[in-house]
Amino acid sequence: MAEVTIPDIGDFEAVEVIEILVSNGDDVHAEDPLVTLESDKATMEIPAPGNGTIANIAVSVGDQVSEGSVIMEILGNADPPNPSPPAPEAEPDHPGNLPGTVSVERAVEEKVPPVPGEIPAHSPPPTLPGEIRPTAEKIPHASPGVRRFARELGADVSKINGSGPKGRILKEDVKAWIKRALAETPGLQEATASGIPPIPEIDFSEFGETETRPLSRIRKLSGPHLQRAWLNIPHVTHHDEADITELEAFRKSLKEEAEQSGAKITLLSFIMKALVSAMKKFPRINASLSPDNGSLILKKYFNIGVAVDTPHGLVVPVVREVDRKNIFDLARDLAELSERARNGKLKPADLKGGCLSISSLGGIGGTSFTPIVNAPEVAILGVSRSRITPVWNGESFAPRLILPLSLSYDHRVVDGAEAARVCAYLARSFEDVRRLSL
Ligand code: CAO
């Protein structure tokens, strides 16, 4: 059995114990930290003098100790008294801490002109035995172990609020800070890995009142997904128009029949049918690039994602086997999926397996927009609000109902000419309702 006493800690007297890092019965190895002491100038850990089991801890947090104070006992083959003084904290940016010296948390920067061969002025000089360097600035309250932990994870202790006694930073505070930093910066890893300079931080409260609200779970997920697609895909959007005058008359004629079958038929069901027809005619828009970008994976199934606007953000549930469903089936599927989306009842499987997506803002407004391709799909059809427009028919202007279409595509897979052909084909399909059944 060996008593553990406070070794020579320099000129310090009555230094406060701020942390007890072991409990009675713990097995420790030589140099394991046992307690943390903190004076107004330095924080230091007292190491175990040898291997053994901790017993009779004689100090509590808040006690004051000086050189020679007994703090606990170690049962086993611990070395006899006269343990080595506190181990200096290994500060890679504080070179030259000599073994057996007391390491002060942050030494003052010494404004001494550099001499060739000397440690540069911006690095603190080596601590000499028995020397305690004063601190010039306020030290964030944290034990050397916590500082080391924070440094290993890249956390800046000066930015962390401590929840320990007297605001001391605990390991838990460092973990919580890192978790928060990661959660609050969706897409951070992608953005920094891509080498794109981050948008500078601004304190908006300098300019007026602000309120900070957390992002919804959906936005936290969809944000990085959209950013990935935007950064990876060379996007082009092709705009076109379709005359849907006859189609709209046909849709209205189906209203009664639809209501009887429990479905509300909107234009979207027809758009899905037309899109499947276009996917069959232009198979490249129903494809994805292989992960190595070396080949094209053509899909022989026809599932269409539909962007749904919900109070929590955008989701894109997938309507399956659109080629095998009629307009009434599609209307029912759409109503069911969009209701579940708005009530937050979608399952992960509802969001998978899409071949191509539609983003319809027609119920809201707009004349055209540039939707973002829902990667790894290669195209997305944007639909804006139809409007009555005077169209020259060769003899006179006639009022026609015109639907704006915006097809965004991955230019690595789809060429501009092909996108124009797809849109022209869609427009022809809408203009001649019979084609939708082809
Ligand atoms: N032009 C004119 N009117 C249109 C139209 C169009 N292109 N599309 C739909 N409408 C009409 C509908 O006929 C309906 O009219 P009534 O109320 O008189 O019957 C009304 O607009 C509302 O339609 P809806 O939006 O309820 O139904 P929908 O089938 O057209 O769309 C859904 C369903 C889920 C796609 C839609 O509600 C929605 O969420 N759209 C937003 C999608 C979105 O946010 N996209 C942006 C994503 S970011 O790229």
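Quick summary incoming for the structure in this document. Since the model is a prediction, treat every value here as computed from it, not as a measurement. Here, residues in each chain are numbered from 1, in the same order as that chain's written sequence. Totals for whole chains, interfaces and linings use every residue, but because this is a predicted model, local features are given only for residues with pLDDT of at least 70 and side-chain atom pairs only at 80 or more, for both listing and counting. Side-chain descriptors were evaluated using all non-hydrogen atoms of the structure, hydrogens and water having been removed beforehand.

**Quick look at the overall build of the protein**
Secondary structure counts use DSSP, requiring at least four H or I residues in a row for a helix and at least two E residues in a row for a strand, with both numbered from the N terminus. A count of helices and strands for the protein gives nine helices and 19 strands. Type-normalised accessible area, obtained with a 1.4 Å probe on protein chains alone, sets the label of each residue: buried when under 20%, exposed when over 50%, and partly exposed for intermediate values. A total of 438 residues make up the protein; the buried ones form 40% of that total. The criterion used for residue contact is that any of the two residues' heavy atoms lie within 4.5 Å. Long-range pairs, those at least 24 residues apart, make up 62% of the contacts in the protein with a sequence separation of at least 6. Areas reported here follow the Shrake-Rupley algorithm with a probe of radius 1.4 Å; residue values treat only the protein chains shown as occluding. A total of about 24200 Å² of accessible surface is found on the protein, and carbon and sulfur atoms cover 54% of it.

**So, the packing of helix H7 (residues 267-281) against helix H9 (residues 416-431)**
Packing of H7 against H9 brings their axes to within 10 Å, and their N-to-C directions diverge by 135°. Between H7 and H9, the angle falls in the class oblique. Both H7 and H9 take part in a crossing whose hand is right-handed. Facing Phe270, Ile271, Ala274, Leu275, Ser277, Ala278 and Lys281 of H7, the residues of H9 in contact are Val422, Tyr425, Leu426, Ser429 and Phe430. Residues are sorted three ways: Asp, Glu, Lys and Arg are charged, Ala, Val, Leu, Ile, Met, Phe, Trp, Tyr, Cys and Pro are nonpolar, and all the rest, Gly among them, are polar. Its residues assigned to classes, the contact of H7 with H9 shows nine nonpolar, two polar and one charged. Between the N-to-C directions of two axes lies an angle of 0 to 180 degrees, each axis being a line fitted to C-alpha atoms and, for a helix, fitted only over the stretch in contact. An angle counts as roughly parallel when it lies under 35 degrees, as roughly antiparallel when it exceeds 145, as roughly perpendicular when it falls between 65 and 115, and as oblique in every other case. Helix crossings fall into two classes, left-handed where the near helix is turned counterclockwise from the far one by less than a right angle and right-handed where it is turned clockwise.

**Considerations on the site of the ligand**
Proximity criterion: a residue is near a molecule or strand once any of its heavy atoms comes within 4 Å of it. In the vicinity of the ligand lie 22 residues, with Thr266, Asp309, Arg342, Ser359 and Ser386 positioned nearest. Polar contact is defined as a pair of N or O atoms within 3.5 Å, subject to the rule that within protein one atom must be able to donate a hydrogen and the other to accept it, and that residues adjacent in sequence are counted only when both atoms are side-chain atoms. At 3.0 Å, a backbone N or O of aspartate 309 approaches an oxygen atom of the ligand. Between serine 359 and the ligand, the recorded distance is 2.9 Å, taken from a side-chain N or O atom to a nitrogen atom. For the shell around the ligand, the secondary structure elements donating two or more residues are H7, strand E13 (308-310), helix H8 (327-342) and strand E16 (356-360). The residue inventory of the shell around the ligand, partitioned by class, reads nine nonpolar, eight polar and five charged.

**Side note on H9**
Spanning 16 residues, H9 covers 23 Å between terminal C-alpha atoms, matching the ideal 22 Å at 1.5 Å per step. Within H9 the residues assigned to the buried category are Glu418, Ala419, Val422, Cys423, Tyr425, Leu426, Ala427, Ser429 and Phe430. At its buried positions, H9 is contacted by strand E9 (235-243), helix H5 (245-253), H7, strand E17 (379-383) and strand E19 (397-410). For a helix, the expected span equals 1.5 Å multiplied by the number of residues minus one.

**Let's talk about the environment of leucine 153**
Of note, leucine 153 is situated in helix H1 (residues 144-153). Its relative accessible area of 46% is what places leucine 153 among the partly exposed residues. Expressed as a C-alpha distance, the spacing of leucine 153 and isoleucine 178, which sit 25 residues apart in the sequence, is 8.1 Å.

**Focus: the pairing of strand E5 (residues 43-47)**
When you tally the buried positions in E5, you get five out of five residues, the bulk of the element. Going residue by residue along E5, you find Thr43, Glu45 and Pro47 tucked away on one face and Met44 and Ile46 tucked away on the opposite face as well. When strand E4 (residues 33-38) meets E5, the two strands line up antiparallel, connected through five bridges. Across the sheet, the residue bridging to leucine 37 is methionine 44, located in E5. Whether two strands pair comes down to DSSP finding at least two bridges between them.

Limitation: the analysis is restricted to geometry and does not speak to function.
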